[in-house]
Amino acid sequence: MIAKIGSGKYTAGLIRYLFDTKKAKDHTDPHLVASWDGFAPDPGRTDDYDATKKLLVADLNLHVKQARRLGRAPEKHVWHCSIRATESDRHLSDEEWADIARRVVAATGIAPDGDPDGCRWVAVRHAPDHIHIAATKVRADLSTARHWNDYNTADRELAAIEKEYGLFQVVRGDRTAAKRPTRAEQEKARRAGHDKPARERLRTTVRTAVAAASSMEEFVHLLSHIDGVLAEVVYFPSGDVRGYKVASKDTTTADHEPVWFSGYELSPDLSFPKIQKRLAGIYPQSTGQPGRRRTNPWHQATAATERIPHHLAQADDEASQAHLAAFGEALDALPLLAPQALRPQLREAATAFERATRSRIQAEHHHARALRGAVRAMLREPAPKDGAILVMLLDAAILLVIAAARWHQLRRHDQQVVATQQTLLHLQAAYDHAAAAPLAALAQRQPPQQAVERQIRRLRQAVPDHAEQVIADPAFDALAVTLAEAEAAGHDPERLLQQAADQRALDDAGSAARVLIWRIQRLTAASAPSTPTHDSASTRRIPLTSTRQPSAQQSAISGQRRR
């Protein structure tokens, strides 16, 4: 069940709407199912509709008029709550709806149980699947009702009602979700030919800029150089930075003014202070020393991703939340780095997981420095030519999302669980597409049967619990090649298998053979010389901008201010 609550000034206007059957075609048989005393006049059950409606309005407004004479009536004295059942629910009887209405007005403080001075209210049913509660906020003692936080209290009561009545249990949030676009925003986007409203497009843009930036000055710089986006820094009267705002160049008001959104209006975690805190936790990547091998950031990111399920199994919820937020940034960056064919699914995965990166748990972002630093290093290097390196990261990401779903489920984060499930679908599709070519190439290099049998013996020795499952896996031929080539390069295949299995249990894997392939490839690559990297500014690869970054935050912000 879903509740919507609002306030208004006109009792008569609300009652007129609730009993209207001419303009509102979906209003069938409007009538009262409950009221404050059980004897309120019912315009839907009388021959003289107009007279009865006026009488009902007068009764509801009685205490409002009395308080108004004393100057104590609130300006918006009408309280309106609609309660709708889910489409799959059975049709409730009038008596059941009456019970629900009484419980909601009691829970919200409009008419507490046993309180003779409670507000006057009526519950109107004009369709099979929902009711409307109309109340006036002035109590019989002429004080104003205390209904603070009424939406949450009503929602908690409805959750209990769903269980007791055997109704569909709605997925409920924790008020950390990003604000949804209004209907007007959606209509404007549709008229302009956009698939998403400006608010959602700008949210994705800002999240990508955060994922690419290593500091606040770079974040401000990137935002100001993104095509199709306007960005401005907002200041306090003292001259200190208050925040930022963004607008889409193709979305304007009737006066052709940009429609601005602050970071917080896009998402709670995109406010200026929240971004400052996240970027302060970036782990600086070493540029390496002459003569020493520099670690591949893709392998660093994969290793950090593989460790996150272990962190989620610990008791430190703040650290776990930080790791999930960091992984969300990695997903935001992946569409910039992946082949064109994979980008749609990766964008959808990033968009879905965005909801799973926030909860009521306050993240301690310094716990996730390694992954954040690796992602930013990836963005500053040429795209990898080896498709397997992306597959390794996607494989680790899939197991992480499964672990994230379990973590959120244990904490009753319903919306976040749904978000992880949606993310998993898109990541799996991207993984299947990306893994096809590398697996086929490996399988074509199948070693002699004697070498394959040797790898089977090692597999049964190193991972006995999953050996038969792996041998029957269609990807086993590719695993046999991976082990044989690792052995030819001087590695111990049995030790590699053990290390790969110990990194994380294979129980969650859809294909244990694939998981072992990518882990073994990463383990062998980590001990081999890496490709030389270039740290010069000419090879820095941040697709969001092609303009030189200023060296200090104040210079970037000052440039914004002069505009």
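Source: prediction; values computed, not measured.

K.L.:
A description of the environment of A107 should follow, citing residues and the corresponding values.
P.N.:
By secondary structure assignment, the location of A107 is in helix α4 (residues 94–108). Taking the C-alpha atoms as reference points, A107 and A154, 47 residues apart in sequence, are found 6.3 Å from one another. Ignoring anything within four residues of it in the chain, the contact list for A107 reads T153 and E157.

K.L.:
Requested: an account of the packing of aromatic side chains, with residues and values cited.
P.N.:
Counted by the stated rule, this structure contains 3 aromatic pairs. Between F219 and Y244, the aromatic rings sit 5.4 Å apart at their centres with planes inclined by 80°, giving edge-to-face as the arrangement. Separated by 25 residues along the polypeptide, F219 in helix α8 (residues 216–223) and Y244 in strand β7 (residues 241–248) bring together distant segments of the chain. Ring centres of Y244 and F272 lie 6.3 Å apart, and the angle between their planes is 55°; this geometry places the pair in the tilted category. Here F272 lies in helix α10 (residues 272–280) and Y244 lies in strand β7, a separation of 28 residues in the sequence. Looking at K245, its charged tip hangs above the ring of W260, at a distance of 4.8 Å from the centre.

K.L.:
Account for the sheet that holds strand β8 (residues 261–262), with residues named and values stated.
P.N.:
If you trace the 3 strands from one edge of the open sheet to the other, you get β6-β7-β8, paired in antiparallel fashion. Each edge of the open sheet carries a strand with a single partner, namely β6 (229–235) and β8. Helix-sheet contacts for helix α7 (residues 198–212) involve β6, β7 and β8, and the interaxial angle to β7 is about 125°.

K.L.:
Help me get a handle on the sheet that holds strand β5 (residues 130–136), residues and values and all.
P.N.:
What the 5 strands build is an open sheet, ordered β1-β3-β5-β4-β2; its pairing is antiparallel. At either end of the open sheet lies a strand with only one pairing partner, and these are β1 (2–8) and β2 (31–35). In this sheet, neighbouring strand axes are inclined to one another by 20° on average, regardless of whether the strands run parallel or antiparallel. Here strand β3 (residues 78–84) runs beside β5; their pairing, made up of 7 bridges, is antiparallel. Its bridge partner being in β5, W79 is matched across the sheet by A135.

K.L.:
Help me get a handle on unusual backbone geometry, residues and values and all.
P.N.:
Although it is not a glycine, L142 sits at a positive phi angle of roughly 70°. Mapped onto the elements, L142 comes out in the loop between β5 and α5 (150–165). Residue R412 is not a glycine yet carries a positive backbone phi of 60°.

K.L.:
Let's hear about the side chain of R376: which residues, and what values?
P.N.:
Tracing the backbone through its elements, the reader meets R376 in helix α14 (residues 369–379). Polar contacts involving the side chain of R376 include one to the main-chain carbonyl oxygen of R372, which spans 3.1 Å. Those residues in contact with R376 that sit more than four places away from it in its chain are V210, A211, A212, A213, S214, L279, I282 and E329.

K.L.:
Can you break down the pairing of β2 residue by residue, with the values?
P.N.:
Of all 5 residues making up β2, 5 are buried, and the element is well covered by its neighbours. Pairing of β2 with strand β4 (residues 121–127), which is carried by 4 bridges, proceeds in the antiparallel orientation. Bridge pairing in β4 places A34 opposite A123.

K.L.:
Break down the pairing of β5 for me, with residues and values.
P.N.:
In terms of burial, β5 is a largely internal element, 7 of the 7 residues being buried. Neither face of β5 is exposed, since H130, H132, A134 and T136 on one face and I131, I133 and A135 on the opposite face are all buried. The pairing of β4 with β5 spans 5 bridges and is antiparallel. The residue bridging V124 from the neighbouring strand is H132, located in β5.

Conventions and cut-offs
Residues numbered from 1 in each chain as written. Predicted model: local features only at pLDDT ≥ 70, side-chain atom pairs only at ≥ 80, totals over all residues. Heavy atoms only, no water. Helix = DSSP H or I, 4+ residues; strand = E, 2+ residues; numbered from the N terminus. Contact = heavy atoms within 4.5 Å. Phe/Tyr/Trp six-rings, centres within 6.5 Å; stacked < 30°, edge-to-face > 60°. Lys NZ or Arg CZ within 6 Å of the ring centre and 35° of its normal. Pairing = 2+ DSSP bridges. Axes fitted to C-alpha atoms, helices over the stretch in contact; angles between N-to-C directions. Polar contact = N/O pair within 3.5 Å; in protein donor to acceptor, adjacent residues only side chain to side chain. Buried < 20%, exposed > 50% of the residue type's maximum accessible area, 1.4 Å probe, protein only.

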